[in-house]
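Residue-level structural notes
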Amino acid sequence: MVEQTQQAWDEECDVLVFGSGGGGMSAALFAARAGLQVMVCEKRKYLGGTTATSGGGIWVPGTPGGLAAGDTIERAREYLRWELGDHYRSDIIDAFLAQGAGIVETLNTQTDVKFELSSWPDYHSDEPGGAKKGRTLFPAPFDGKRLGRDFALLQPPMHRIMVLGGLMLGPDEVPDFLRPLSSVRAFKRVFAKLARYALDWLRFGRGTDLRSGNAMIASMMYSMPRDRVSLRTQHALVELLKENGRVVGAVVQGSAGTRRIRARRAVVLATGGFPHDKDMLRTYGPKFPHKQSLGCEANVGEGIKSALAVGAAMDTDLNSVANWTPASVMRDRQGREIPVIYGYLDRGRPGVIAVDAKGRRFVNESSSYHDIVSAMFKHSGGEGTFHFVCDLAFARRHGLGAVRPWPWTRSLSSFVRSGYLTMASSLPELARAIGADEATLTETVQRHNANCKTGVDVDFGRGATAYNRMFGHVTGQPNPNLAPIGAPPYLALRIHAASLGTTIGLKTTADAQVVGVDGQPIDGLYACGNDLAAAFRGRYPGGGTTLGPAVVFGALAAQHITKLTRPAD
Ligand SMILES: Cc1cc2nc3c(=O)[nH]c(=O)nc-3n(C[C@H](O)[C@H](O)[C@H](O)COP(=O)(O)OP(=O)(O)OC[C@H]3O[C@@H](n4cnc5c(N)ncnc54)[C@H](O)[C@@H]3O)c2cc1C
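Residues numbered from 1 in each chain as written. Predicted model: local features only at pLDDT ≥ 70, side-chain atom pairs only at ≥ 80, totals over all residues.

This part takes up the overall build of the protein. When its secondary structure is counted, the protein shows 17 helices and 22 strands. The C-alpha atoms of the protein give a radius of gyration of 24 Å, which matches the 25 Å a tight globule of 569 residues would have. Across its three principal directions, the C-alpha atoms of the protein cover 75 × 50 × 50 Å. When the 569 residues of the protein are sorted by exposure, 50% land in the buried category. Partitioning the intrachain contacts of the protein with sequence separation of at least 6 by distance along the chain shows that 74% fall at a separation of at least 24. (Helix = DSSP H or I, 4+ residues; strand = E, 2+ residues; numbered from the N terminus. Rg over C-alpha atoms; globule rule 2.2 N^0.38 Å. Buried ≥ 20, exposed ≤ 12 C-beta atoms within 10 Å, placed from the backbone. Contact = placed C-beta atoms within 7 Å.)

Once that is clear, we can look at helix α11 (residues 369–380). Between its first and last C-alpha atoms α11 spans 17 Å; for 12 residues at 1.5 Å apiece the expected length is 16 Å, and the two agree. Where α11 is buried, its residues touch β14 (322–331), β16 (353–355), β17 (385–391) and β19 (490–502). At the exit of α11 stands Gly381, carrying a positive phi of roughly 70°. (Expected span 1.5 Å × (residues − 1).)

Looking at the element boundaries, Val445 is found in helix α15 (residues 438–454). Sequence separation of Val445 and Arg360 is 85 residues, and the distance between their C-alpha atoms is 8.9 Å. What Val445 contacts, discounting residues up to four positions off in sequence, is Leu427 and Ile485.

Let us look at the sheet that holds strand β4 (residues 115–117). Ordered by their spatial adjacency, three strands build an open sheet running β3-β5-β4, and the pairing between neighbours is antiparallel. Strands at the two margins of the open sheet, each flanked by one partner only, are β3 (58–59) and β4. Bridge count between β4 and strand β5 (residues 136–139): three bridges; the pairing is antiparallel. Counterpart to Leu117 in the pairing with β5 is Leu137. (Pairing = 2+ DSSP bridges.)

The subject of this paragraph is the domain arrangement of the protein. Domain boundaries assigned for the protein yield domain 1 (11–139 + 214–319 + 503–564), domain 2 (169–206) and domain 3 (324–499). Computed over C-alpha atoms only, the centres of domain 1 and domain 3 are separated by 33 Å. If you look at the interface, domain 1 gives 15 residues, while domain 3 gives 19 residues. Of the residues assigned to the side of domain 1 that touches domain 3, the class counts are seven nonpolar, five polar and three charged. (Domains from an automatic or database assignment. Nonpolar A, V, L, I, M, F, W, Y, C, P; charged D, E, K, R; others polar.)

Attention shifts here to the pairing of strand β11 (residues 257–269). Regular strands have side chains that alternate between both faces of the sheet. Direction of pairing for strand β1 (residues 11–18) relative to β11: parallel, over a ladder of seven bridges. Paired with Phe18 across the two strands is Leu269, which belongs to β11. Direction of pairing for strand β10 (residues 246–254) relative to β11: antiparallel, over a ladder of six bridges. Looking at β11, one finds that Gly254 is bridged to Gly257.

Before going further, it helps to spend a moment on the site of the ligand. Not every one of the 41 residues close to the ligand is listed here, only the nearest: Gly19, Gly21, Gly49, Gly55 and Gly529. Counting residues per element, the ones that place at least two in the shell around the ligand are α1 (22–33), α2 (49–52), β9 (236–243), β19 and α17 (547–564). Tallied by class, the residues present in the shell around the ligand amount to 12 nonpolar, 25 polar and four charged. (Near = placed C-beta within 6 Å.)

Orientation of α1 relative to helix α8 (residues 212–223), taken along the N-to-C sense of each, is 20°, at an axis distance of 10 Å. With respect to their mutual orientation, α1 and α8 come out roughly parallel. Considering only the axes of α1 and α8, their crossing is left-handed. Only Met216, Ile217, Met220 and Ser223 of α8 make contact with α1, whose side of the interface consists of Gly22, Met25 and Leu29. Classifying every residue of the contact of α1 with α8 gives five nonpolar, two polar and no charged. (Axes fitted to C-alpha atoms, helices over the stretch in contact; angles between N-to-C directions. Parallel < 35°, antiparallel > 145°, perpendicular 65-115°, else oblique. Left-handed = near helix turned anticlockwise from the far one by under 90°.)

Before going further, it helps to spend a moment on the pairing of β17. β17 sits mainly inside the fold: five of its seven residues count as buried. Strand direction decides the pairing type here: β17 and β19, joined by seven bridges, are antiparallel. Bridge pairing in β19 links Thr385 to His496.

Judged by nonpolar contacts, the single largest core of 145 residues is most densely connected at Val15, Val17, Ala28, Val38, Val268 and Cys528. Sequence-distant contacts of Val15, that is, excluding residues within four places in its chain, are made with Ala31, Leu36, Val38, Ala263, Arg265, Ala266, Val268 and Ile561. (Core = buried A, V, L, I, M, F, W, Y, C linked by C-beta atoms within 7 Å.)

Let us look at unusual backbone geometry. The linkage connecting Pro488 with the following residue, Pro489, adopts the cis geometry, with an omega of 5°. Turning to its location among the elements, Pro489 is positioned in the loop between α16 (466–470) and β19. Unlike most non-glycine residues, Gln234 shows phi in positive territory, near 55°. Assignment of secondary structure puts Gln234 in the loop between β8 (229–232) and β9. One non-glycine residue, Ala512, lies in positive phi territory at about 70°. Summarising the element assignment, Ala512 is placed in the loop between β20 (505–506) and β21 (513–515).

The following block contains the structure:
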């Protein structure tokens, strides 16, 4: 049912938000701060969605720290013009650049949601308008204990990618954990962190020293004016209700059964796109066949489908259907495939190369996760996998996929036995084991090792950009991103394309109001996060490409709802 004539409401609020990731929580927070009564309905038993398990980085140019680092909004605009090319939508980018930094500043100064400038360069910092620093911010650490009983509602981090199943580390803490015995200071810091984690486990069943996306969602929960925000878990959007051309509420499936909830001002869709809806992925992304996603499993396009049912339009003219990361795949006890993200530790480090089915390199391995998978799609012409190849010394130092650096992983045998890793005593043997061509793989490794000596990656320019060099090391070689693949045994890890979230989504105005198939905004209906078509159009300018716009357009939706929409009587 879509058009309603006679309504019998079970509950009312001013703004009804579906989804509790970065997009939905931003909209809820800004609407509540403006004095509106807000209800956030989250389908799962936890709040936070993909956002809570993410890095939590936001790409937002023009913040005070960014300007102090020498950046300008005009340079950021130039960069986005270069990045987005023909897909550039000036109304959306203008709104993002004009308002983004102010929105982050409001959070930083008037709420407990704090973002700190990082030293991350743009992913194409050498291109026109690119910046070597100043546009990527990360959430400040947050103490989960401040949430009191609400801490139990927060989505836990992804156990399989964390040390000891859930210990969250900030980038500044990683070196200590990699070399805990390197100094007394490192040892003390590691010990203190582990001791707190152990005590937290006893008391809460998880760590409370929150970082990254977990810190972001927790601080948003904490900052909500609780007299004006009702946070409902296990409440799923079923259907939008429309009256006289305006969206006036929704049918919600919750613990108390099916309820009709009136939204006096607006409904905001923030259900995280459709990374787990196979039909939608086939329809909107036929050129990007893939099976894996690290997005929240509940994100199956329900927000988008409900909007389409009330006449909304999709915006499909994007570079890609999703943002990508390489992922290896493990199996859990039930035999289900579990994607393991291409992590920060081994990502693009010197001494690992990516090879295609024949055993040839096809990409600069130190480029961004999104660019590596995009290159794979282009190279393979469709669904494909590739392998990371390295020697044992590399895996001991950096880890490899789910393998942690020594001493956190001491033996690789179980990984090899389960088939997760392939290990061989020679390159031809490794090639045979992964189905590649023996001579090609051997020649590829020899060529790579020769590049290490000259310091020039003649094929893909590895080590040329600031982002590449972030993953470099002093290796004794002229190029910090290049180190030879040395003595056997050799390792190969099969890699698949995995989405971080989808990019194609609802067409909206620059105020995040959903546009109908007639080209007109639909009164009372807004979208943010991955339910709206990505501002960066399936390109990945830098760390925080999805959450920057998610936070900004969530806030812009709230501001528009507050200013322009009159309550329906
Ligand atoms: C490991 C990892 C690291 C990442 N790091 C970064 C990063 O640092 N920076 C960055 O910009 N991006 C990052 N990403 C991508 C980013 O996390 C997502 O694109 C982003 O979180 C999407 O936000 P969202 O609000 O749209 O959706 P989500 O955060 O997924 O929230 C959507 C919510 O909607 C709920 N929902 C679904 N259907 C319904 C329904 N019918 N009714 C009610 N609720 C519903 C879901 O349960 C979910 O909680 C990362 C992704 C991963 C997997």
